[in-house]
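Per-entry structural report
Residues per chain are reported as follows:
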Amino acid sequence: MTTPPVASAPLPSAPLTVAAVQADAVPGDVPGNARVAAGLAARAAGDGARVAVLPELFLPAYHPPTLAADPTGTDVAATGDGAVDDPRLDPLRVAARDGRITLVVGAAVRHPDGRRTISALVVDPTGAIRDGYDKQQLWGGERELFDAGRRGATLLVDDWRLGLGICYDGCFPEHARAAAADGAHGYLCPSGYLAGSAHRRDLYYAARALDNTMYVVFANAVGGADPWRFNGGAAVYDPEGRPLVRGADDGEAVLVASLDPAALAATRSAHSMLADRPADQGLPRTALPA
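These numbers were taken from a predicted model, which means no experiment stands behind them.

To continue, consider the overall build of the protein. Along the protein, the regular secondary structure elements total nine helices and 14 strands. The globule rule puts the C-alpha radius of gyration for 290 residues at 19 Å, and the 18 Å found for the protein is close to it. For the C-alpha atoms alone, the extent of the protein along its principal axes is close to 55 × 45 × 40 Å. Out of the 290 residues in the protein, the part that is buried amounts to 51%. Pairs at least 24 residues apart make up 68% of the contacts formed inside the protein by residues separated by at least 6 positions.

Rendered as structure tokens:
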């Protein structure tokens, strides 16, 4: 398999303050969850964040029985150009404008062609909402309810390039590497990790940071009822995979950290995996009987 070259994106010129959010959502209550998300966004903006990442499927809540029973109530509709215009989301528009902050929030999106996706909506500081990214790697029973995304996406904030992923995407090294190959300085992951998965939760996203010497902003759901009980642990990881901030396994939190271009440059100078990776990973292999 021949791998694409790493894009030569310049390093950002100034730090970027971000927030990783862990919070509980009410199944099926899109307007109520939008109000909660707006309040969390205001907290993040008040702490100086320019970007806030909220959990996977936060607007309808990650609750498969509700998502299956009421798709009309749980989904938001995207237009042909990817815009989302749903009055239930107006609190997000106001929070983004008032806080001059970009929000990445999980939603279930219905597309004009009938596809239904687990998506990361992007609310920019003007209040415009668009379907920024659709989850490519569906997990378990998600395949019965949703269609896989067809493209990657990179969010541009000032001169920072931030790849978008959602939960199970981050379990695949290739997904974050594709973002890095596109010049990403960071990787934003709205997620929904269930109780009992803390070891994998804490390993995957730290590994994606170190694999690609980039920052990772990991948001996660928290609370809920068995078997859909979520375990928090939201975090921002530095380019060596060390947590700059990390949430507890329960309770709501807005975790704010600064992404520093100097630290990014120093890490990439000391650990040059991106520059040194071979152009072709598909060289012949030899079987060695023991």
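Moving on, we come to the nonpolar core. If you look at the biggest cluster of nonpolar residues, it comprises 54 residues, and the most contacted ones within it are Leu 16, Leu 155, Leu 162, Leu 164, Leu 188 and Leu 259. A per-element tally of this core places strand β10 (residues 215-225) first, with six residues. Among all residues touching Leu 188, those that are not within four sequence positions of it are Val 51, Val 53, Val 104, Leu 155, Leu 162, Gly 163, Leu 164, Gly 165 and Val 217. If you look at the next biggest cluster of nonpolar residues, it comprises 33 residues, including Val 30, Ala 34, Val 76 and Leu 103.

On to the environment of Pro 60, then. In this structure, Pro 60 sits in the loop between β2 (51-53) and α2 (64-69). With relative accessibility at 1%, the residue Pro 60 sits in the buried group. Taking C-alpha positions, Pro 60 is 24 Å from Val 216, a pair spaced 156 residues apart along the chain. Ignoring anything within four residues of it in the chain, the contact list for Pro 60 reads Val 26, Pro 27, Gly 28, Val 30, Asn 33, Leu 67, Thr 74, Gly 106, Ala 107 and Ala 108.

Considering the arrangement of structural elements, one finds Asp 238 in the loop between β12 (235-237) and β13 (243-246). By relative accessible area, which is 10% here, Asp 238 ends up buried. In terms of polar contacts, Asp 238 uses its side chain to reach the backbone amide nitrogen of Glu 240, at 2.8 Å. Excluding residues within four positions of it along the chain, Asp 238 makes contact with Ala 209, Met 214, Tyr 215 and Leu 244.

Pairing between side chains of opposite charge can happen when the charged atoms of each approach one another. Enumeration over the complete set of coordinates arrives at 19 salt bridges. One salt bridge connects Asp 75 with Arg 110, and the closest N-O pair in it is separated by 3.3 Å. Placement of the pair is Asp 75 in strand β3 (residues 75-77) and Arg 110 in strand β4 (residues 102-110), with a sequence separation of 35 residues. Overall, the relative accessible area of 7% leaves Asp 75 in the buried class.

Negative phi values dominate among residues other than glycine, just as trans dominates among peptide bonds. In this structure, Pro 227 follows Asp 226 across a cis peptide bond, with omega equal to 0°. Mapping Pro 227 onto the fold places it in the loop between β10 and β11 (228-231). Unusually for a residue other than glycine, Ala 61 sits at a positive phi of about 75°. With respect to the helices and strands, Ala 61 occurs in the loop between β2 and α2. By relative accessible area, which is 4% here, Ala 61 ends up buried. Within the chain, Thr 213 stands out as a residue other than glycine whose phi angle is a positive 40°.

Taking 1.5 Å of rise per residue, the 17 residues of helix α1 (residues 30-46) would be expected to cover 24 Å, and the 24 Å separating its terminal C-alpha atoms lies within 8% of that figure. What α1 keeps buried is the set Val 30, Gly 32, Asn 33, Ala 34, Ala 37, Ala 38, Leu 40, Ala 41 and Ala 44. Where α1 is buried, its residues meet β1 (16-23), β2, α3 (71-74), α4 (90-99), β4 and β14 (253-259). Gly 48 lies just past α1 and shows a positive phi near 95°.

It is worth spelling out the pairing of β10 at this point. With eight of eleven residues buried, β10 lies mostly within the body of the structure. Two elements, β1 and β10, share two bridges in a ladder whose sense is parallel. In the sheet register, Ala 23 faces β10, and the bridge partner there is Ala 221. When strand β9 (residues 186-191) meets β10, the two strands line up parallel, connected through six bridges. Paired with Gly 186 across the bridge in β10 is Tyr 215. After leaving β9, the chain enters helix α7 (residues 198-212) and then returns to the sheet as β10, a path that is right-handed. Relative to β12, β10 runs antiparallel, the two being bridged by three bridges. Bridge pairing in β12 links Phe 218 to Ala 235. As consecutive antiparallel partners, β10 and β11 are separated by two residues.

What counts, and where the lines are drawn
Residues numbered from 1 in each chain as written. Predicted model: local features only at pLDDT ≥ 70, side-chain atom pairs only at ≥ 80, totals over all residues. Heavy atoms only, no water. Helix = DSSP H or I, 4+ residues; strand = E, 2+ residues; numbered from the N terminus. Rg over C-alpha atoms; globule rule 2.2 N^0.38 Å. Buried < 20%, exposed > 50% of the residue type's maximum accessible area, 1.4 Å probe, protein only. Contact = heavy atoms within 4.5 Å. Core = buried A, V, L, I, M, F, W, Y, C linked by side-chain atoms within 4.5 Å. Polar contact = N/O pair within 3.5 Å; in protein donor to acceptor, adjacent residues only side chain to side chain. Salt bridge = Lys/Arg side-chain N within 4 Å of Asp/Glu carboxyl O. Expected span 1.5 Å × (residues − 1). Pairing = 2+ DSSP bridges. Right-handed = clockwise from strand over helix to strand, strands pointing away.

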